[in-house]
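This is what each chain is made of:
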Amino acid sequence: MKRVSRWQPIVLAATALFAAAFGVISPSSAQTFSSSYTSSAEKDCRTIGKPADPNGSTTQVCPGKSGLVVVVSEDDLRQTVSVGPNRMAASKEPAAETWFAPFNSTAPTVEWRAVDGKPFAIIQRWLIADNNDLDKGGTPTSKPMLAVTRLPPGPVCHVAYVDGQANRNANELARQAADEFARDFKCGKDEVKVVGEKGAAVSLAKR
């Protein structure tokens, strides 16, 4: 017959109290972060508006995740990106009013950052025109930047910028920023964070 020490119940009780006091979380209850992807390419979206000239305005409504759509609006060679349950809701979010002064465009891939399968942020690559760095033809070169945008519930707005040229691990930094900051970020109150090394793209975007 196996003998049980008279101290064993006390040890077990103390262990339980320690776990409760210090928030020890079992692997089964830990949050699981993941990424999935959608397209904002013109061929995969619904176009609203037909510009009368190359600098005219258009809006692309693109399928997203969890019943959300991505709305990409362009005017005078500058874009905004917002998210909502429909086009009208997305157009009223702070992200829809967030412009960068230089000419800019977004890459056609949208990364959706989720926890336990529920999206809470998107990450998208932007190309920001640098008028101080011209190519041989006199055209401004484009500088890459990743923007992290928080999702509902709550307002949709930019949370963090990661310079794509100054940081070799820009994608990892953007995911880390999304995971750490997006859900608790207060649009209109908190300042957009610059994560990692600050390069030309971030400097242009933050002017």
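A quick note: this is a predicted structure, and the numbers were derived from the prediction, not measured.

## Some remarks on the overall build of the chain
Part 1: Scanning the chain from N- to C-terminus turns up 4 helices and 10 strands.
Part 2: In the chain, the succession of α and β elements from N to C terminus is α-β-β-β-β-β-α-β-β-β-β-α-β-α.
Part 3: Within the chain, buried positions represent 38% of all 207 residues.
Part 4: A separation threshold of at least 6 residues defines the contact pool for the chain, and within that pool the share at least 24 residues apart is 51%.
Part 5: Put simply, the chain shows about 12,100 Å² of open surface, and 54% of that area lies on carbon and sulfur atoms.

## Some thoughts on the sheet that holds strand S8 (residues 140-150)
Part 1: As summarised here, the arrangement of the 6 strands in space is S1-S6-S7-S8-S9-S10, forming an open sheet in which the pairing is mixed. The open sheet is flanked by strand S1 (33-39) and strand S10 (193-195), the only strands paired with a single partner. Neighbour-to-neighbour, the strand axes of the sheet open up by a mean angle of 30°, direction not taken into account.
Part 2: The pairing of S1 with strand S6 (residues 104-115) spans 7 bridges and is antiparallel. Bridged to Ser39 within S6 is Thr109.
Part 3: Seen against the sheet, helix H3 (residues 170-181) touches S1, S6, strand S7 (118-134), S8, strand S9 (158-163) and S10 and runs at an angle of roughly 135° to S7.

## A word on the environment of Trp112
Part 1: Its location among the elements puts Trp112 in strand S6.
Part 2: When the C-alpha positions of Trp112 and Ser35 are compared, they lie 5.5 Å apart, and in sequence the two are 77 residues distant.
Part 3: A distance of 2.7 Å separates polar atoms of two side chains, one belonging to Trp112 and the other to Thr38.

## Observations regarding unusual backbone geometry
Part 1: The omega angle of the peptide bond from Pro152 to Pro153 is 10°, so this bond is cis rather than trans.
Part 2: Mapped onto the elements, Pro153 comes out in the loop between S8 and S9.
Part 3: In this structure, Leu77 is a non-glycine residue whose phi angle is positive, near 60°.
Part 4: Among the structural elements, Leu77 can be located in the loop between strand S4 (69-75) and strand S5 (78-84).

## What about the layout of surface pockets?
If a probe as big as a water molecule is rolled over the atoms, it shows which places are left empty.
Part 1: Its boundaries defined by the atoms lining it, the largest pocket holds a volume of some 190 Å³.
Part 2: Along the walls of the largest pocket sit 13 residues, with Glu42, Gln60, Val72, Glu74 and Gln79 positioned nearest its centre.
Part 3: Elements supplying a minimum of two residues to the lining of the largest pocket: strand S3 (58-63), S4 and S6.
Part 4: A total of 4 residues in the lining of the largest pocket trace back to one element, the largest contributor, which is S6.
Part 5: Looking at the lining of the largest pocket residue by residue, the classes come out as 3 nonpolar, 8 polar and 2 charged.

## Quick notes on the state of the cysteines
Part 1: Inspection of the entire model under this criterion finds 2 disulfides.
Part 2: The side chain of Cys45 participates in a disulfide bridge whose partner is Cys62; the two sulfur atoms lie 2.1 Å from each other. The S-S bond linking Cys45 to Cys62 shows a torsion near 105°; that makes this disulfide right-handed. Linking Cys45 in the loop between S1 and strand S2 (46-48) with Cys62 in strand S3, this pair joins segments that are 17 residues apart in sequence. There is no split in this pair, since Cys45 and Cys62 are both buried.
Part 3: The disulfide that involves Cys157 links it to Cys187, with 1.9 Å between the sulfurs.

## Looking at the environment of Pro102
Part 1: Counting through the fold element by element, Pro102 comes out in the loop between helix H2 (87-91) and S6.
Part 2: For the pair Pro102 and Leu127, spaced 25 residues apart in sequence, the C-alpha to C-alpha distance is 9.8 Å.
Part 3: In this structure, Pro102 is in contact with Arg78, Ile128, Ala129 and Leu204, ignoring residues within four places of it in sequence.

Procedures and definitions
Each chain has its residues counted from 1, running along the sequence as written. Only residues with pLDDT of 70 or above have their local features reported here, since the model is predicted, and side-chain atom pairs are shown and tallied only from 80 upward, although totals for entire chains, interfaces and linings are computed over all residues. In computing side-chain values, all of the structure's heavy atoms are included and hydrogens and water are not. For helices the rule is a DSSP run of H or I covering at least 4 residues; for strands it is a run of E covering at least 2, with both sets numbered from the N terminus onward. Throughout, exposure labels follow a simple rule: accessible area from a 1.4 Å probe, protein chains only, divided by the maximum for the residue type, with under 20% read as buried, over 50% as exposed, and the rest as partly exposed. Residues are treated as being in contact if the distance between any of their heavy atoms lies within 4.5 Å. Under the convention used here, a 1.4 Å probe and the Shrake-Rupley method define accessible areas, while residue burial counts only the protein chains that appear. Note on pairing: DSSP must find at least two bridges between two strands before they are called paired. Whenever a helix is involved, its axis is fitted only over the stretch in contact; in every case the axis is a line through C-alpha atoms, and angles between N-to-C directions fall within 0 to 180 degrees. Under the rule applied, a polar contact is a pair of N or O atoms within 3.5 Å (in protein, one hydrogen donor and one hydrogen acceptor; residues adjacent in sequence only if both atoms are side-chain atoms). Detection works on a 1 Å grid of protein atoms alone, calling trapped sets that fit a 1.4 Å probe cavities and calling open sets with protein on both sides within 12 Å along at least five of seven lines pockets, with lining residues defined by an atom within 4 Å of a point. Grid points are joined across faces, edges and corners, and a volume is the space filled by probe spheres set on the points. Classification used: nonpolar for Ala, Val, Leu, Ile, Met, Phe, Trp, Tyr, Cys and Pro, charged for Asp, Glu, Lys and Arg, polar for all others including Gly. The rule for a disulfide is simple: a pair of cysteine sulfur atoms within 2.5 Å.

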